[in-house]
Amino acid sequence: GCMDSSIGTRLELWNDGFNNGLNKPWLGTGYNDRQDLDVIKSDGEQKTYDNAHNEYVDAFSARGIFGLASTLLLLIGPLVLIWKKRSRDPNLAYAALAFYVSIYVNACFNLYLWRSAPWKLFLIASIVLLAIFHSRTDAQNENSETGTPA
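On a predicted model such as this, the values are computed, not experimentally measured, just so you know.

Rules and cut-offs
Residues numbered from 1 in each chain as written. Predicted model: local features only at pLDDT ≥ 70, side-chain atom pairs only at ≥ 80, totals over all residues. Heavy atoms only, no water. Helix = DSSP H or I, 4+ residues; strand = E, 2+ residues; numbered from the N terminus. Buried < 20%, exposed > 50% of the residue type's maximum accessible area, 1.4 Å probe, protein only. Contact = heavy atoms within 4.5 Å. Areas by Shrake-Rupley, 256 points an atom, 1.4 Å probe, with all protein chains shown as cover. Core = buried A, V, L, I, M, F, W, Y, C linked by side-chain atoms within 4.5 Å. Phe/Tyr/Trp six-rings, centres within 6.5 Å; stacked < 30°, edge-to-face > 60°. Axes fitted to C-alpha atoms, helices over the stretch in contact; angles between N-to-C directions. Parallel < 35°, antiparallel > 145°, perpendicular 65-115°, else oblique. Left-handed = near helix turned anticlockwise from the far one by under 90°. Expected span 1.5 Å × (residues − 1). Arc of directions from axis to C-beta.

> Summarise the overall build of the protein; cite the residues concerned and give the values.
Of regular secondary structure, the protein possesses 4 helices and 2 strands. Along the protein, from the amino end to the carboxyl end, the secondary structure elements read α-β-β-α-α-α. Considering the protein as a whole, with its 150 residues, one finds that 36% of them fall into the buried category. In the protein, the share of contacts with a sequence separation of at least 24, taken over all contacts with a separation of at least 6, comes to 65%. A total of about 8900 Å² of accessible surface is found on the protein, and carbon and sulfur atoms cover 62% of it.

Next up, the structure:
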């Protein structure tokens, strides 16, 4: 592939990152010992990157299978909880699901979540959305016990 394009560079980074993970599949290479990912451009210039520009490949490379699994659980947890409670407020649920899916897709092309500002946004949004769903569930349970319509 052409390493002069963003897509070609990412494909090379993903390949290198995945291969780094295969070298130490259980616990990964760690962040300090991780090999730099090199991309050689068509003009012979070598560029070195410190991450795979993919959240999932980077998790596997640096933290191995266990790290990738924990990352996926952390990311999928809020999605599962909202999906289970989607009947409480379908419009909010589908908006929240769209928010999470956009983050998951973005994470395929960038090292997004472990940077401080996006990670804080993810955590704050997760806490707010889960609190809203939890409060609506409690209010509906309370109203069903008293016979009052919601």
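We are not done yet, so read on.
> Requested: an account of the nonpolar core, with residues and values cited.
Counting 14 residues, the largest nonpolar core has Ile82, Tyr100 and Tyr104 as its most contacted members. Counting residues per element, the ones that place at least two in this core are helix H2 (55–84), helix H3 (90–106) and helix H4 (116–146). If we skip the residues at most four places from it in the chain, Tyr104 touches Tyr56, Leu75, Ile76 and Leu79.

> Kindly report on the packing of aromatic side chains, identifying the contributing residues and their values.
Evaluation of the coordinates by the stated rule reveals 5 aromatic pairs. On the numbers, 6.0 Å between centres and 35° between planes, the contact of Trp26 with Phe66 is tilted. Taken as a pair, Trp26 in the loop between helix H1 (6–23) and strand E1 (37–40) and Phe66 in helix H2 lie far apart in primary sequence, 40 residues in all. Among the residues examined, Phe66 registers a relative accessible area of 53% and is labelled exposed.

> Provide a residue-level description of the packing of H2 against H3, including the pertinent values.
Direction vectors running N to C along H2 and H3 enclose 170°, while the axes themselves pass 10 Å from each other. Put simply, H2 runs roughly antiparallel to H3. Judged by residue contacts, Tyr56, Leu75, Ile76, Pro78, Leu79, Ile82 and Trp83 of H2 engage Ala93, Tyr94, Ala96, Leu97, Tyr100 and Tyr104 from H3.

> Please give an account of the packing of H1 against H2 that cites residues and values.
The interhelical angle for the contact between H1 and H2, taken along N-to-C directions, is 30°, at an axis separation of 7 Å. Taken together, the axes of H1 and H2 are roughly parallel relative to one another. With respect to the hand of their crossing, H1 and H2 are arranged in left-handed fashion. Counted together, Trp14, Gly17, Phe18, Asn20, Gly21 and Leu22 of H1 and Val57, Phe60 and Ser61 of H2 form the full contact between these two elements.

> Which residues make up H3, and what are the values?
Owing to its 3.6 residues per turn, the α-helix aligns residues three or four sequence positions apart on the same side. Counted at 1.5 Å a residue, the expected span for H3 with its 17 residues is 24 Å, and the 24 Å between its end C-alpha atoms agrees. Among all positions of H3, only Ala93, Ala96, Leu97, Tyr100, Ile103 and Tyr104 are buried. For H3, the buried positions fall inside an angular range of 125° around the axis, keeping them on one side.

> Got a sec to walk through the environment of Ala125? Specific residues and values, please.
Structurally, Ala125 is set in helix H4. Ignoring anything within four residues of it in the chain, the contact list for Ala125 reads Phe99 and Tyr100.

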